Amino acid sequence: MKQVYTLISFLLFSSQMMFSQVESENINGLFYKISLATTLTINEEYQAFDDSDESLINPSALYINNTFGYQFDMRTSIGLNLGYNWHSQQGLHFAPAYLSLRHNFVVDDSNIFARAGYGTLLGVSKDFQKGNMYKLGLGVQMYGDNYNKSVLLGVDFTRKRFGYRALEGLSSISIFLEFMLF
């Protein structure tokens, strides 16, 4: 009788070990995301069919952002964002810290999403403007071979209020490229 119990235990545990070796797709949990974005403007000094090296479209701002977040399911995630924004035409520097919410309204091999964020502009030194900001965006999330890595492309609208009593404002539309890891 002991041999039967031993055989049944062995079969039970070995089947558990075999199934535990199968990797499941990670659809929720902690993630890290790095983002690079730019705002483009039209060059007013551009002349068509001119031999100069001027281009029609020039970048006017650069955004670098790090996000640490949690994805609840295939549709919804929340993140804490810390970044650096430089607006070259205005000569302004910002250090945004904000919470963001992203929702995939089309879930497929490529997710289409909307996102929103609200937070503060940190005055980390005298060169950085203090104030608040919000952002709204639309984009697409594309997966590689597995769901642990993805690339996000899209467009964001950002509004920053800063300066003395936050009376100055800066609105921009930017194109972003992000890399996300679970």
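Residues numbered from 1 in each chain as written. Predicted model: local features only at pLDDT ≥ 70, side-chain atom pairs only at ≥ 80, totals over all residues. Heavy atoms only, no water.

Asks: Now, about the nonpolar core: what can you tell me, with residues and values included?
Replies: Phe 31, Ala 37, Ala 61, Tyr 63, Phe 113, Leu 152, Phe 176 and Met 180 form the largest nonpolar core, which has eight residues in total. Here Met 180 is in contact with Phe 31, Tyr 32, Lys 33, Gln 71, Arg 102, Gln 141, Asn 148, Lys 149, Ser 150 and Leu 152, once residues within four sequence places are set aside. In terms of nonpolar packing, the next biggest core, distinct from the first, is built from seven residues, Phe 94, Tyr 98, Leu 121 and Met 133 among them. (Core = buried A, V, L, I, M, F, W, Y, C linked by side-chain atoms within 4.5 Å. Buried < 20%, exposed > 50% of the residue type's maximum accessible area, 1.4 Å probe, protein only. Contact = heavy atoms within 4.5 Å.)

Asks: I'd like a rundown of empty space enclosed by the protein, residues and numbers included.
Replies: Here the structure, examined in full by the defined rule, presents one cavity of 30 Å³ or more. The space that makes up the largest cavity amounts to roughly 270 Å³. Surrounding the largest cavity, 30 residues form its lining, Asn 65, Tyr 98, Arg 115, Lys 135 and Glu 178 being those nearest its centre. Listed by contribution, the elements that provide at least two residues to the lining of the largest cavity are strand 1 (29-42), strand 2 (57-71), strand 3 (76-87), strand 4 (92-106), strand 5 (110-122), strand 6 (131-143) and strand 8 (168-181). With seven residues, strand 3 is the single largest residue contributor to the lining of the largest cavity. (1 Å grid on protein atoms, 1.4 Å probe; cavity = no way out; pocket = protein on both sides within 12 Å on 5 of 7 lines; lining within 4 Å. Points joined across faces, edges and corners; volume = space filled by probe spheres on them. Helix = DSSP H or I, 4+ residues; strand = E, 2+ residues; numbered from the N terminus.)

Asks: Break down the side chain of Asn 111 for me, citing the residues and quoting the values.
Replies: Tracing the chain through its elements places Asn 111 in strand 5. Given a relative accessible area of 0%, Asn 111 falls into the buried group. Only 3.1 Å separates the side chain of Asn 111 from the backbone nitrogen of Asp 108, close enough to count as a polar contact. With sequence-adjacent residues up to four places away left out, Asn 111 is seen in contact with Met 74, Asn 104, Val 106, Gly 139, Val 140, Gln 141 and Tyr 143. (Polar contact = N/O pair within 3.5 Å; in protein donor to acceptor, adjacent residues only side chain to side chain.)

Asks: Outline the pattern of salt bridges, supporting the account with residue identities and numerical values.
Replies: Considering all chains together, one arrives at four salt bridges under this definition. Between Arg 115 and Glu 178 there is a salt bridge, and its shortest N-O distance comes to 2.9 Å. Here Arg 115, found in strand 5, pairs with Glu 178, found in strand 8; they are 63 residues apart in sequence, far enough to count as distant. Judged by relative accessible area, Arg 115 falls into the buried class, the value being 11%. Taking relative accessible area as the criterion, Glu 178 reaches 4% and is therefore assigned buried. For Asp 156, the salt bridge identified is with Lys 135, shortest N-O distance 3.7 Å. Remark: Lys 135 occurs in strand 6 and Asp 156 occurs in strand 7 (residues 149-162); sequence separation between them is 21 residues. Of the two residues examined, Asp 156 and Lys 135, each falls in the buried class. Residues joined by salt bridges that share partners form a network here, namely Lys 33, Arg 115, Lys 135, Asp 156 and Glu 178. (Salt bridge = Lys/Arg side-chain N within 4 Å of Asp/Glu carboxyl O.)

Function-wise, these values are silent; they only describe arrangement.
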